[in-house]
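Examination of the molecular architecture
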Amino acid sequence: MQKLSNRLDYFTESVIREMTRVANKYGAVNLSQGFPDFDPPRELIDSLKEAAEKGPHQYEVTWGSKEFREKLAKKQEKFMGISINPDENIVVTCGSTEAMMVAMMSACNPGDKVIVFSPFYENYTADTILAGAEPIYVPLVPPEFNFDREELRRAFEKKPKALVLCNPSNPVGKVFTREELLYISELAKEYDTFVITDEVYEHIVFKPNKHTYLSSLPGMFERTVSCSSLSKTYSITGWRLGYIIASKDVINNCKKVHDFLTVGAAAPLQKAACAGLSLEESYYDELNNIYEKKKKLFLNGLDEIGLKYFEPQGAYYVLVDISEFGWKDDYEFCKWMAKEIGVAAVPGSSFFKENVNNYIRFHFAKKDETLIEAIERLKKLKK
Ligand code: GLN
């Protein structure tokens, strides 16, 4: 038999998704893969019922239903501060996972280089390699997770085709400042590089930090492929609804890739999700307040236990330092913790290019009682 594709030699299966299976196996509180255990807003549940009754149940326009794109354009124009034509600047995808893959395949040729900050969300390496390109990593250095400007410039000197920017970032919760983004955008323009953003946590930003959309910076709309999703904003990770916003030229290419990858996102779910896109602006403030409180609850618990962590500025993750427990392998530690302590986390090594094995990532997108239960169980770590 011939060997299957070489591409698959360069990345492993997702450790994040694997940890959910480990959590299920041991009945652990699952603070690994980031998704809520609470319901989406009532409006979405009601409109889902209505979509089941009234449809649509057949294919939508491949790049997204008109109503969805119109509502999304209106909402994102308000937040992003740019003008968005629903027919020319949007592709609706199956989650931001597809959006990022489409962006990567639309931008890159085999052999191209792509800058990825490390630590990073594990999909980016796989996306890059599946597109035939090669990731080059620039470290975000703890405790602030800032990047070295000269090091980033040196990465740009290798003439990359694209840079991936996760902002607010997973797993460290960094919210890039406007100054940092201006610096990145100057380099992108100087070296003629695309920037593929993953902004799924755009509405989870802790005060006083502020989210700046890269695509809204001077001269950046043309070279930014903005990817995001409804998963985190409306607590509907299982609906798999994401999107790309970009210039007409970029979107025309993304439409082609998307069409042949998936044809389209689920039609009844696009219909139902319109209820979310139509929510008042106050919904987003409230969502942010909810996560501010959850962050406080969970971090207070970590303080009480005496665990060391990096305080996130946005998103719903926290990296915890496990050096004190003396394990050589964070993956083994996480499996042990799920089984013996009853809480699942993601080993930090799955996010770092560097050889780092003393961090684990928890997420706090859970009901307060789930977080309290997790903290109770984690107290056993110190016993
Ligand atoms: N972004 C989520 C995480 O990092 C997971 C998303 C997914 O598994 N598709 O945990």
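Note: the structure precedes this text.
Not measured: the values here are computed from a predicted model. Here the residue numbering is sequential within each chain, running from 1 through the sequence in written order. Totals for whole chains, interfaces and linings use all residues, but because this is a predicted model, local features are given only for residues with pLDDT of at least 70 and pairs of side-chain atoms are given and counted only at 80 or more. In computing side-chain properties, one takes all heavy atoms of the structure into account and sets aside hydrogens as well as water.

Now for the sheet that holds strand S13 (residues 359-363). Strands were regarded as paired on the criterion that DSSP finds at least two bridges between them. Strands are runs of DSSP state E lasting at least 2 residues, helices are runs of H or I lasting at least 4, and numbering of each runs from the N terminus. Taking strand neighbours across the sheet as the criterion, the four strands line up as S9-S10-S13-S12 in an open arrangement whose pairing is antiparallel. Two strands lie at the open edges of the sheet, namely strand S9 (308-310) and strand S12 (346-347), each paired on one side alone. Pairing of strand S10 (residues 317-321) with S13, which is carried by five bridges, proceeds in the antiparallel orientation. The residue of S13 that forms the bridge with Val320 is Ile360. Pairs of residues are marked as contacts when any of their non-hydrogen atoms sit within 4.5 Å. Where helices are involved, their axes are fitted lines through C-alpha atoms of the stretch in contact, as for all axes, and angles between N-to-C directions lie from 0 to 180°. Strands in contact with helix H10 (residues 282-305) are S9, S10 and S13; relative to S10, the strand with the most contacts, it is inclined by about 10°.

The next point concerns helix H4 (residues 95-107). In a regular helix each residue adds 1.5 Å, so 13 residues correspond to 18 Å; H4 covers 19 Å between its end C-alpha atoms and thus fits that length. Burial classes follow relative accessibility: with a 1.4 Å probe on protein chains only, a residue under 20% of its type's maximum area counts as buried, one over 50% as exposed, and anything between as partly exposed. For H4, the set of buried residues is Gly95, Ser96, Glu98, Ala99, Met100, Met101, Val102, Ala103, Met104 and Ala107. Here the expected length of a helix is defined as 1.5 Å per residue gap, with one fewer gap than residues.

We now examine the site of the ligand. Every residue close to the ligand is listed here: Ile16, Arg17, Gln33, Gly34, Tyr121, Asn170, Tyr201, Lys232, Tyr317 and Arg361. Residue Gln33 places a side-chain N or O atom 2.8 Å away from an oxygen atom belonging to the ligand. Contact distances for the ligand include 2.8 Å between an oxygen atom and a side-chain N or O atom of Asn170. Contact with the protein chains hides 87% of the accessible area of the ligand, taken as 300 Å² for the molecule alone. Here the term charged refers only to Asp, Glu, Lys and Arg, the term nonpolar to Ala, Val, Leu, Ile, Met, Phe, Trp, Tyr, Cys and Pro, and the term polar to all other amino acids, Gly among them. For the shell around the ligand, the per-class residue count stands at four nonpolar, three polar and three charged. One heavy atom within 4 Å of a molecule or strand makes the whole residue count as near it. Pairs of N or O atoms are called polar contacts if they sit within 3.5 Å, as long as, within protein, a hydrogen donor faces a hydrogen acceptor (for residues adjacent in sequence, only side-chain-to-side-chain pairs). Methods summary: accessible areas were calculated by the Shrake-Rupley approach with a probe of 1.4 Å, and residue burial reflects only the protein chains presented.

Time to look at unusual backbone geometry. With an omega of 10°, the peptide bond running from Ser118 to Pro119 counts as cis. Assignment of secondary structure puts Pro119 in the loop between strand S3 (113-118) and helix H5 (123-130). With an omega of 5°, the peptide bond running from Pro142 to Pro143 counts as cis. Secondary-structure assignment places Pro143 in the loop between strand S4 (134-139) and helix H6 (149-157). Its identity as a non-glycine residue notwithstanding, Phe145 has a phi of 60°, on the positive side. By secondary structure assignment, the location of Phe145 is in the loop between S4 and H6. Judged by its relative accessible area of 3%, Phe145 is buried. The backbone of Ala315 sits at a positive phi, close to 60°, despite the residue not being glycine. With respect to the element layout, Ala315 can be found in the loop between S9 and S10.

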